[in-house]
Every structure is written in structure tokens, then in C-alpha cells.
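Inside the fold
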Amino acid sequence: MAPVAEKADERRSANVSTLKAKLLEKILAHRPRTTKLVKEQGKIVIDQVTIDQCIGGARDIRSLVTDISYLDPQEGIRFRGKTIPETFAALPKVPGSEYPYVEGFWYFLMTGDVPTKEEALAVAEDFKSRAAVPRYVFDVLRAMPRDTHPMTMFSAAILSMQRESLFVKRYNEGMKKTEYWDPMYEDCTNIMARLPEIAAYIYRMKYKGDTPIASNPKLDLGGNFAHMMGFPKPYDDVARMYFILHSDHESGNVSAHATHLVASALSDAYYSLSAGINGLAGPLHGLANQEVLSWIQDVFKQLGGKLPTEEELKKFLWDTLNSGKVIPGYGHAVLRKTDPRYTSQMEFCQKFLPDYPMFKLVNMIYKVAPDILREHGKAKNPWPNVDAQSGVIQWYYGLTEYDFYTVLFGVGRALGVLANITWDRALGYALERPKSVTTDMLEKWAAEGGRKLA
Ligand code: NMX
Ligand code: MLT
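Since the structure is predicted, the reported quantities are computational estimates derived from the model, not experimental observations. (Residues numbered from 1 in each chain as written. Chains lettered and ligands numbered in written order. Predicted model: local features only at pLDDT ≥ 70, side-chain atom pairs only at ≥ 80, totals over all residues. Heavy atoms only, no water.)

1. Topic: the overall build of the protein
What the protein contains, in helices and strands, is 21 helices and two strands. In summary, the protein has a C-alpha radius of gyration of 22 Å against a globular reference of 22 Å for 454 residues, a match within 12%. Judged by the C-alpha coordinates and their principal axes, the protein covers about 65 × 65 × 45 Å. Residue burial in the protein is summarised as follows: out of 454 residues, 52% are buried. Summarising the internal contacts of the protein: among those between residues at least 6 apart in sequence, 76% fall at separations of at least 24. For the protein, the computed accessible surface area is about 20,700 Å², with 56% contributed by carbon and sulfur atoms. Separation between the mean location of the 56 positive side-chain charges and that of the 54 negative ones in the protein comes to 2 Å. (Helix = DSSP H or I, 4+ residues; strand = E, 2+ residues; numbered from the N terminus. Rg over C-alpha atoms; globule rule 2.2 N^0.38 Å. Buried < 20%, exposed > 50% of the residue type's maximum accessible area, 1.4 Å probe, protein only. Contact = heavy atoms within 4.5 Å. Areas by Shrake-Rupley, 256 points an atom, 1.4 Å probe, with all protein chains shown as cover. Lys, Arg positive; Asp, Glu negative; His and termini not counted. Charge placed at Lys NZ, Arg CZ, Asp CG, Glu CD.)

2. Observations concerning the site of ligand 1
Close contacts around ligand 1 come from 23 residues, with His285, Gly329, Tyr330, Lys380 and Asp387 the closest. One nitrogen or oxygen atom from the main chain of tyrosine 330 is found 2.7 Å from a nitrogen atom belonging to ligand 1. Alone, ligand 1 offers 890 Å² of accessible surface; in the complex the protein occludes 76% of this. Residue composition of the shell around ligand 1, by class: 13 nonpolar, six polar and four charged. (Near = heavy atom within 4 Å. Polar contact = N/O pair within 3.5 Å; in protein donor to acceptor, adjacent residues only side chain to side chain. Nonpolar A, V, L, I, M, F, W, Y, C, P; charged D, E, K, R; others polar.)

3. Points about the site of ligand 2
The immediate surroundings of ligand 2 are formed by His249, Asn253, His285, His332, Arg341, Phe409 and Arg413. Contact distances for ligand 2 include 2.7 Å between an oxygen atom and a side-chain N or O atom of histidine 249. One of the side-chain nitrogen or oxygen atoms of arginine 413 is found 2.7 Å away from an oxygen atom of ligand 2. Relative to its unbound accessible surface of 260 Å², ligand 2 loses 84% to contact with the protein. Across the shell around ligand 2, the residue classes tally to one nonpolar, four polar and two charged.

4. Some words on the environment of cysteine 349
Following the sequence through the fold, cysteine 349 ends up in helix H17 (residues 340–352). Under the relative-accessibility criterion, cysteine 349 is labelled buried at 0%. Separated by 44 residues in the primary sequence, cysteine 349 and isoleucine 393 have C-alpha atoms spaced 7.1 Å apart. Discounting chain neighbours no more than four positions away, the residues touching cysteine 349 are Pro354, Phe359, Gln389 and Ile393.

5. Regarding the pattern of salt bridges
Using the criterion set out here, one finds 31 salt bridges in the structure. We note a salt bridge from aspartate 298 to lysine 301, for which the minimum N-O separation is 3.8 Å. Of this pair, aspartate 298 and lysine 301 both sit in helix H15 (residues 288–302), three residues apart, roughly one helical turn. Within this structure, Lys20, Asp126, Arg130, Asp182 and Glu186 form a network of salt bridges that share partners. (Salt bridge = Lys/Arg side-chain N within 4 Å of Asp/Glu carboxyl O.)

6. Comments concerning helix H5 (residues 102–111)
Across the ten residues that make up H5, a large majority, ten, are buried. Those residues of H5 that sit buried are Val102, Glu103, Gly104, Phe105, Trp106, Tyr107, Phe108, Leu109, Met110 and Thr111. Glycine 112 sits one or two positions beyond H5 and adopts a positive phi of about 85 degrees.

7. Observations regarding the side chain of glutamine 162
Within the fold, glutamine 162 resides in the loop between helix H8 (150–160) and helix H9 (166–173). Here the side chain of glutamine 162 touches aspartate 268 through a polar contact of 2.6 Å, side chain to side chain. In this view, glutamine 162 contacts Val168, Asp268, Tyr270 and Tyr271; residues no more than four positions away in its chain are not counted.

8. Observations regarding the pairing of strand E1 (residues 69–72)
Here E1 shows one buried face, formed by Ser69 and Leu71, and one open face, formed by Tyr70 and Asp72. Note: E1 against strand E2 (residues 76–79), four bridges, orientation antiparallel. Paired with leucine 71 across the two strands is isoleucine 77, which belongs to E2. Where E1 folds back on E2, the antiparallel hairpin that results is connected by three residues. (Pairing = 2+ DSSP bridges.)

9. As for helix H13 (residues 254–264)
Turn by turn, an α-helix covers 3.6 residues, leaving residues three or four places apart pointing in a common direction. Looking at H13, one finds that the buried residues are Ser255, Ala256, Ala258, Thr259, His260, Ala263 and Ser264. Residues of H13 that are buried make contact with helix H10 (181–207), helix H14 (269–280) and helix H20 (405–426). Leucine 266 sits one or two positions beyond H13 and adopts a positive phi of about 65 degrees.

See the structure below:
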């Protein structure tokens, strides 16, 4: 039996999507820039590496390239040059909604151009033609113990589809390097089209008595996701907002970097995204949104379900820090101000759930936590990140199974990392292979005042 992606590819072969045609145009225009940089300006120095960066997680070392998003420490993320409010304002909106088509956002991330409504709708149609999840994926999920973490299920489901890879098929047949992007794009689009149903299936199977809801192909990605999750409006808007906000955070974060690293070995998009999702599952990364909710629940539990006073909250924060734990949802490796993704969700809450006690508590934490973190004296950034706010919205709309929150992050993050690895192949980015050194070497170079560069 031919893999599902192959069949879908045949169906579409006569009808190259406008997105793919635009992408090719962009790739052809971009390639000479990369070639010139490497061939003519390749030895120009743009950074240096210190011992603390070497031991300390390569923080801030400029050694990755992406044009899909850029994270400024003060301003926050820009997707393709646009801030979050600019992005939401520019993209075509789903009828009856204030939020854009996720499919239009995919077009935007891939090409850098804001799509027209027709172009966004063409992507939505293209996604629908690719959306059928192979049956065996559900069998894989069903074979796992029900108490398996949903991120493990999500990653395994993605990996299980690896036999569908068109990149592998074309690679084995033999293709030119300049063609790599094409089957990569196909794999990435096939995956993106299927993730909402896979995520919703995990949710309904694990938490809702094994009652999956069939996809409604009339709906856009966000609307269909809300439908398959079983949540009424305005959860469709929550999904659209959430997926777009979580999509991309330049290339150095763990999920983007892991995806890029694995893809750099010419591993296909299934292997690569599964790796990225595994990175997202760590508590210092995407899992923090689940941690925030369980931590907030603890605050309520300890205080008999009522909102704490400022003093009680301060004590709770100090108790958390003094027990050796981090304040989840606070701090960031790059940002040095409140994450604009936090602000965007806060504005949503102010509009739709201003009096919700959990939102009030999140605001109280925002008021006291930065000063406490400053006094604590460790975190370089005392301000909240995206995860400090996101769970509250989910909880309000009935998604209280917080173990699932990182899967939502993962569906959104796939938009960014899949667009990135398509471009990696388009621009022929190399196998990633940094050089390691030994502790003896570091000690020797430290004693000499630095490594002597030839
Ligand atoms: N609470 C307590 N301590 C903190 C916090 C925090 N929220 N943030 C940083 N620190 C500590 C950190 O553990 C480190 O301690 P030590 O020297 O003992 O190892 C010290 O401050 C310096 O860390 P930074 O350089 O400020 O942060 P780094 O770049 O290493 O890590 C995070 C960034 C985001 C991992 C870190 O701020 C953190 O652990 N935050 C809480 C978890 C979280 O919210 N993660 C989500 C990140 C966003 N996302 O979605 O991925
Ligand atoms: C992300 O969205 O990936 C997180 O904020 C972590 C990061 O950027 O390092």
C-alpha cells in the first residue's frame, strides 16, 4: 500500500499551490545572498565565545541564521519583521472572527509576504487535501498506556508517520541538492495539516472517555481544532491566537534548535519535528505552561480556594524559591522585559475574562514576582514569559487537563520550526557540528588569558 502522503501528492501534482510557487520565487531570490555571504564574506567575524558561554548553554552566541522570526531582548518577537499586533492586524481574518487564518500565517512565515484572503483560503484548501491522518497513527496512540504523557504520545504519533516521508523517497531515488526543499516542503505541509487532528485525538482519547470527534472539513484549522476538541466558540479564536503566538521564537530555543539540528543531518521532517517536540516537553521550555497551572492550583489549594493577599502570595513565591524550585513562567534566556506574547494573552483576558479569579491571581503574581526575583538575585530576567498567562485561558474555556497544554504549544511551534527546516533545505544549510573542547583545555586557555587564535 502506498503511504498516504504519496497518494495525496499524486492528487495534487497537477495543481501547484500558489504558496509553493511563491516560495520557489522567494528561494530563488534568496539563494544568491546566502552564497555571497559564504563565498565572499565568510571569514568576517561576527561574534566571540567566552568560557561561561561554552559551559553555560551557548547563550547569546550568534551562530544560527533564520529570516522567519527575530527575538529582540527588549522588544520581543517579530515574525517576518512584524510585531505580534502588526501580525494580527495584517493577516486576513476568518469570517466572524477577530483572529487570522492560521493557514494565512503559515503562508506568511513561509514566504515573508502577507497573503491575500484568497491565498490564505488556498492554503486552507491545500491543508484539507492533506489532512487525512493515517489510521495506523491512531493504532500507535491506542497501544500506549493511557497514563502516558500527552507529549510522549504527540511525539510518537509524529514519528510513526515517518514512513510517509516524500523527502526520503526522493532522496533514495536521487535528487539534486537544489531540489531538497521541495519534498521537505511537502512533508512539512502534510505534517502541519495533520497535527490538529492528532492533538485533538490524543485529548479526546486520554481525557474525554475515548470519544474522538470527526474533523469538519468545512472549517479552517483553528475552527476545526476547536470542533475536534469539543469546545464551543470562542475557543476557535483561542486556538488561532494560541497557535500563532507560540509558533516561532527565532532559532536558538530548544525546540527550534533541536528540530534544525536533526534536520541538518538530512533527517526528514518527521524525525526532526519529533525531536523538537521532545525538547519542548522539558520544564524549562514548553512544559512550563503546565507547571504554571499546577503551581497556581497549589496557591489556591493552600489558601482554601480564595485569592491570596499580597503578603500571602509573596510568602508563597519565596517558599517556592527557597525550596530550590523556579517560578514557572518567569525568566527568559533572551528576553529582558515582559514577553509580548504574555501581553497579548493578558489583553485577551482583560477583554473576555476580566473578573476570572485565576486571571486576577496571574495579575497579582505579575505585580509581586519581578521584585522578588530581583531580590532573589539569580534570574537575569525577572519578567513573565508566554507560559505565565497561557494556561489561564485554557482553563477558563474548560481545558483543565494541564498535562495537555504543551501539546497545544507543540501544534503552534510546528508552524515555525517546519517553515524553518524547509528554508534550511532551500538554502543548503550545512550539517550542524560545533567543536567541543575539554575542561583541561579551558583551564589552560584561562591561565593564558585566552586561546591564541592563529
Ligand atoms: N525562578 C527562579 N530562578 C530562576 C528563574 C525563575 N523563574 N529564572 C532563572 N532563574 C535562575 C536560574 O535557574 C539560574 O540559576 P543557577 O545560577 O542556580 O543555575 C539563574 O537564575 C540564571 O538563569 P538565567 O540566565 O536568568 O536564565 P536561563 O537563560 O538559564 O534560563 C529559563 C531561562 C526560562 C529556563 C529560566 O528563566 C527558568 O527556568 N524559568 C522558569 C521556567 C520557565 O518559565 N520556562 C519557560 C520558558 C519559555 N518557554 O516557553 O520556553
Ligand atoms: C520559546 O518560545 O521558544 C521560549 O520562549 C524559549 C526561548 O525562546 O528560548
